[in-house]
Amino acid sequence: MPVATPEQYAAMLDAAKAGGFAFPAVNVSSSQTINSAIQGFAEAGSDGIIQVSFGGADYLAGHTVKNRAGGAIAFAKYAEEVAKAYDVTVALHTDHCPKQHLESFVLPLVAASEERVREGGLPYFQSHMWDGSAVPLAENLDIAKELLPRLAAIDVILEVEIGIVGGEEDGISHEINDSLYSTVEDGIATVEALGLGDQGRYLTALTFGNVHGVYKPGGVKLRPELLAVIQDGLQAKYGTGKNPLDLVFHGGSGSSAEEIAEAVRNGVIKMNIDTDTQYAFTRPVVDYMLKNYDEILKIDGEVGNKKVYDPRAWGKVAESGMAARIALAAEQLGSAGKSVSA
């Protein structure tokens, strides 16, 4: 299927909310990882979201230049073409963009989509994230208020982060401490600034102890029950239905099945997964290289085995490893077998 139209993306999110499941949102940084993500979605019979951070877009553009907006558009165009061969629907998203990178990353992409829409086409991305977790909440929401109507005008969804995610991603790091938990007051401030869909659709990444990267069991205290407290508080204040906010689970790698299930029950419809899929991509390559060491290297004057060191040989192993991890995520999130394309 082609990449989702704005209407199809909205239908995906609506289906997740109504059906009590969530979509895997997989970070990619190359054509191989794009292929891996779509393969994983297809194997699970799940629609899904492919996303690129500013660092991933830098890499996609070529690691010796700085052209992240160009790398992100190259990602979008590549995904648009290869997704046509699969029977699931994928949406494209830009991940964490802090304030210092807005001018070089998200804003040029929004302008490019505005031009494309004026010419009768579709936006390059179905959603963009503004990450204001490093600035005061008032400033965070002021910037979100500027972005929301601009994105709504081209049927693109905004994602905001309300609270702080610990750990490190793309050089942006936060301590792991008690500040990693959003409050009901934070939720109210978000609704007062952005509305409840009347000003444009947005996704909210509330924080409940989330941490980017790798951590051992017990190293992070996730409190997904906090999401229910915030959702219930908003429902009571504004007289809405259950789970008024469309939530995103950041730092999902390494989370238990129980933590994921509770977060989904409390309104999560998108869960980011990066660290686990990076490992799932690389681990089979290590195994392949060790097992085929003598054929890959030209040892003692030999020529090696071209069929074995051909990047396509070990690349397929990597892609299938990552795809299997994504299919598992779809099972855990409940999106497997529920493609809107079916």
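Basis of the calculations
Residues numbered from 1 in each chain as written. Predicted model: local features only at pLDDT ≥ 70, side-chain atom pairs only at ≥ 80, totals over all residues. Heavy atoms only, no water. UniProt positions renumbered as here; feature names shortened; annotations may be inferred. Helix = DSSP H or I, 4+ residues; strand = E, 2+ residues; numbered from the N terminus. Buried < 20%, exposed > 50% of the residue type's maximum accessible area, 1.4 Å probe, protein only. Polar contact = N/O pair within 3.5 Å; in protein donor to acceptor, adjacent residues only side chain to side chain. Axes fitted to C-alpha atoms, helices over the stretch in contact; angles between N-to-C directions. Left-handed = near helix turned anticlockwise from the far one by under 90°. Contact = heavy atoms within 4.5 Å. Expected span 1.5 Å × (residues − 1). Arc of directions from axis to C-beta. Phe/Tyr/Trp six-rings, centres within 6.5 Å; stacked < 30°, edge-to-face > 60°.

Asks: What am I meant to see in the UniProt feature "binding site: dihydroxyacetone phosphate" (unreviewed entry) in the protein chain here?
Replies: Per the UniProt record, the feature "binding site: dihydroxyacetone phosphate" (unreviewed entry) sits at Gly213, Gly251, Gly252, Ser253, Asn272, Ile273, Asp274 and Thr275. For Asn272, the location among the structural elements is in strand β10 (residues 268-273). The class for Asn272 is buried, based on a relative accessible area of 6%. A polar atom in the side chain of Asn272 sits 3.4 Å from the side chain of Gln51.

Asks: Just checking my understanding: could you explain the packing of helix α10 (residues 275-291) against helix α13 (residues 311-333) for this structure?
Replies: When two helices pack together, their arrangement is captured by the angle between the axes and the distance separating the axes. It is at 8 Å that the axes of α10 and α13 come closest, and there the two elements cross at 145°. Here the hand of the crossing between α10 and α13 comes out right-handed. Together, Asp276, Thr277, Ala280, Phe281, Pro284, Val285, Tyr288 and Met289 of α10 and Ala313, Trp314, Val317, Ala318, Glu319, Gly321, Met322, Arg325 and Ile326 of α13 make up the contact between the two elements.

Asks: What am I meant to see in the UniProt feature "binding site: Zn(2+) 1" (unreviewed entry) in the protein chain here?
Replies: In this structure's numbering, the residues bearing the UniProt feature "binding site: Zn(2+) 1" (unreviewed entry) are His96, His212 and His250. The class for His96 is buried, based on a relative accessible area of 6%. Engagement of the side chain of His96 in a polar contact is seen with the side chain of Asp131, the distance being 2.7 Å.

Asks: How should helix α1 (residues 6-19) be read in this particular structure?
Replies: Counting along an α-helix, one turn takes 3.6 residues, and residues three or four places apart therefore face a common direction. Spanning 14 residues, α1 covers 20 Å between terminal C-alpha atoms, matching the ideal 20 Å at 1.5 Å per step. Within α1 the residues assigned to the buried category are Pro6, Tyr9, Met12, Leu13 and Ala16. The buried residues of α1 occupy one face: seen down the axis, they fall within an arc of 120°. Pointing more than 90 degrees away from the buried face of α1 are the exposed residues Glu7 and Ala18.

Asks: Explain the packing of aromatic side chains here, please?
Replies: Centre-to-centre distance and the angle between the planes together describe a pair of aromatic rings. Taken as a whole and judged by the stated rule, the model has 3 aromatic pairs. Here Phe21 and Phe23 contribute two aromatic rings whose centre-to-centre distance is 5.4 Å and whose plane-to-plane angle is 80°, an arrangement assigned as edge-to-face. Grouping residues by exposure puts Phe21 and Phe23 together as buried. Seen from their ring centres, Phe75 and Phe125 are 5.8 Å apart, and the 25° between their planes marks the pair as stacked. Here Phe75, found in helix α4 (residues 68-82), pairs with Phe125, found in the loop between α5 (106-118) and β4 (127-130); they are 50 residues apart in sequence, far enough to count as distant.

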